[in-house]
Amino acid sequence: MTTLLMSRSCGRGMHFTARKAKQRSIGMRPMSIDSQPPSAKQNLTWPKYLEIRRQKRRWETAVTIPCTLLGLAGGVTYFGSLETDATKLIMGIDPMFFYGGCTVACMGLGYLIGPVVGSACWRLTHRRTMGLIEEKDREFHKRIVKNRVDPTAQSATNPVPDYHGEKVGSLHQYRQHQWLRDQAKFRRKAQFNEQ
């Protein structure tokens, strides 16, 4: 390996420093574009990918609960501190009912924001493998789209089972146990009802 020399100009003249030697002396490593070796790129197997999906759902659920409670607490704090006049209606509704509805709406907003925040936090902690995970996501989605049923054949007695494959948590659930069998059962019911 060759050592790169950098020149710096100071007030007295030119000074040359060895860049790689300086990096080694302070413990720095040169940054590479890809932080993983090429052999690690093919290491994401289906069971590992499905486990990662399950962890992501757990993160989203774990963050949703506090976000919902924060929304409720924020709504109670804000709308509970407002002074109300019981004789003046708000949009034709009693102020207590209106503020109660707004508090519940704040809680619902927290419930909706929770999975987004949980997913963002999860993505921050899994930055190194996001390329692999997104690639497997695309491949998984292609398999789901290929094997899922036509939703136009659904009825009240025959609803579409897990259309997006959200409940698939393992290969066993996908293949033998649940998802593919539910899709086949739906197809049979839909064809039987048409005939």
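That block above? That's the structure.
Concerning the layout of surface pockets
The rolling of a water-molecule-sized probe over the atoms marks out the regions of remaining empty space.
Move 1: Counted as a void, the largest pocket has a volume near 280 Å³.
Move 2: The wall of the largest pocket is formed by Y49, I52, R53, K56, R57, E60, W122, R123, M130, I133, D137 and E166.
Move 3: Contributing elements (two or more residues each) for the lining of the largest pocket: α2 (46–81), α3 (95–125) and α4 (130–147).
Move 4: It is α2 that contributes the most residues to the lining of the largest pocket, 6 residues altogether.
Move 5: A class-by-class count of the residues in the lining of the largest pocket yields 5 nonpolar, no polar and 7 charged.

Some words on the state of the cysteines
Move 1: Per the counting criterion, the structure on display carries 0 disulfides.
Move 2: No disulfide involves C121; its sulfur sits 8.4 Å from the nearest other cysteine sulfur, which is in C67.

A look at the packing of α2 against α4
Move 1: It is at 11 Å that the axes of α2 and α4 come closest, and there the two elements cross at 100°. Taken together, the axes of α2 and α4 lie roughly perpendicular to each other. Taking contact as the criterion, the partners of W46, Y49, L50, I52 and R53 in α2 are, on α4, I133, K136, D137, E139, F140 and R143.

Structural notes on the pattern of salt bridges
Move 1: Applying the stated rule across the entire model yields 3 salt bridges.
Move 2: With a closest N to O distance of 3.6 Å, E139 and R143 form a salt bridge. Here E139 pairs with R143, and both are found in helix α4, just 4 residues apart, close to one helical turn.

Thoughts on a nonpolar patch on the surface
Move 1: Nonpolar side chains collect at one region of the surface, where I65, L69, L72 and V76 lie side by side and expose about 350 Å² of accessible area between them.
Move 2: The residue L69 is located in helix α2 in this model.
Move 3: Since its relative accessible area comes to 53%, L69 is described here as exposed.

Some details on the packing of aromatic side chains
Aromatic rings considered in pairs are described by the distance between their centres and by the relative angle of their planes.
Move 1: In total, this model carries 6 aromatic pairs according to the counting rule given.
Move 2: With a centroid separation of 6.3 Å and 45° between ring planes, the pair formed by W46 and F140 is classed as tilted. Note that W46 is positioned in helix α2 and F140 in helix α4, a separation of 94 residues in sequence.
Move 3: Overall, F140 belongs to the buried group, its relative accessible area being 7%.
Move 4: Each member of the aromatic cluster is reached from another via a ring pair, and the members are Y78, F79, F98 and Y99.
Move 5: In this structure, K136 packs its charged tip against the face of W46, placed 4.2 Å from the ring centre.

Some thoughts on the packing of α2 against α3
Move 1: Packing of α2 against α3 leaves a shortest axis separation of 6 Å and a crossing angle of 150°. The crossing of α2 and α3 is right-handed.
Move 2: Looking at side-chain class alone, the contact of α2 with α3 contains 16 nonpolar, 11 polar and 2 charged residues.

A short note on α4
Turn by turn, an α-helix covers 3.6 residues, leaving residues three or four places apart pointing in a common direction.
Move 1: Between the first and last C-alpha of α4 there are 25 Å, a value that for 18 residues agrees with the 26 Å anticipated at 1.5 Å per step.
Move 2: For α4, the full list of buried residues reads M130, L132, I133, K136, F140 and I144. Taken down its axis, α4 places every buried residue within 145° of arc, on the same side. Turned more than 90 degrees from where α4 packs its buried face, R138, K142 and K146 sit exposed.

Here we look at the nonpolar core
Move 1: In this structure, L44, Y49, I133 and F140 are the most contacted members of the largest nonpolar core, which totals 13 residues.
Move 2: Looking at this core, the elements that each hand over two or more residues are α2 and α4.
Move 3: No other element matches α4, which puts 5 residues into this core.
Move 4: With residues up to four places along the chain from it excluded, the contact list for L44 reads Y49, I52, L132, I133 and K136.

Parameters and conventions
- Each chain carries its own residue numbering, running from 1 in the direction its sequence is written.
- In view of the model being predicted, local features appear only for residues whose pLDDT reaches at least 70, and side-chain atom pairs are presented and counted only at 80 or more, with totals across whole chains, interfaces and linings using the full set of residues.
- Think of the side-chain values as coming from all heavy atoms in the structure, minus any hydrogens and water.
- Buriedness for pockets is judged along seven lines, at least five of which must meet protein on both sides within 12 Å for an open set on the 1 Å grid over protein atoms alone, while cavities are sets there where a 1.4 Å probe fits but cannot get out, and lining residues have an atom within 4 Å of a point.
- Grid points are joined across faces, edges and corners, and a volume is the space filled by probe spheres set on the points.
- Put simply, DSSP H or I for four residues or longer makes a helix, DSSP E for two residues or longer makes a strand, and each gets a number counted from the N terminus.
- Three classes are used, and their members are as follows: Ala, Val, Leu, Ile, Met, Phe, Trp, Tyr, Cys and Pro are nonpolar, Asp, Glu, Lys and Arg are charged, and the others, Gly among them, are polar.
- Sulfur atoms of two cysteines make up a disulfide when they are within 2.5 Å.
- To define axes, lines are fitted to C-alpha atoms, for helices over the stretch in contact only, and angles between the resulting N-to-C directions are given on a 0 to 180 degree scale.
- Between 65 and 115 degrees an angle is taken as roughly perpendicular, under 35 as roughly parallel, over 145 as roughly antiparallel, and anywhere else as oblique.
- Should any heavy atoms of two residues lie within 4.5 Å, those residues are counted as being in contact.
- Salt bridges are identified by distance alone: a Lys or Arg side-chain nitrogen within 4 Å of an Asp or Glu carboxyl oxygen.
- Within this analysis, patches are made of residues with over 30% relative accessible area and no salt bridge. Like charges are joined at 9 Å or less; nonpolar side chains (Val, Leu, Ile, Met, Phe, Trp, Tyr) at 5 Å or less.
- Using a 1.4 Å probe, the Shrake-Rupley method yields the accessible areas, and only the shown protein chains count as cover for residues.
- Per-residue accessibility, obtained with a 1.4 Å probe over protein chains only, is compared with the maximum for each type, and a residue is labelled buried under 20%, exposed over 50%, and partly exposed between these values.
- Centre distance within 6.5 Å is the pairing criterion for rings of Phe, Tyr and Trp, where only the six-membered ring of Trp is used; planes under 30 degrees apart are then read as stacked, over 60 as edge-to-face, and the remainder as tilted.
- Here, a charge over a ring means that NZ of Lys or CZ of Arg falls within 6 Å of the ring centre while also lying within 35 degrees of the ring normal.
- Two helices that cross are described as forming a left-handed crossing if the nearer one is turned anticlockwise from the farther one by less than a right angle, and a right-handed crossing if clockwise.
- A helix is expected to span 1.5 Å multiplied by its residue count minus one.
- Note: the arc covers the axis-to-C-beta directions of the helix.
- For our purposes a nonpolar core is just a set of buried Ala, Val, Leu, Ile, Met, Phe, Trp, Tyr and Cys residues, chained together by side-chain atoms within 4.5 Å.

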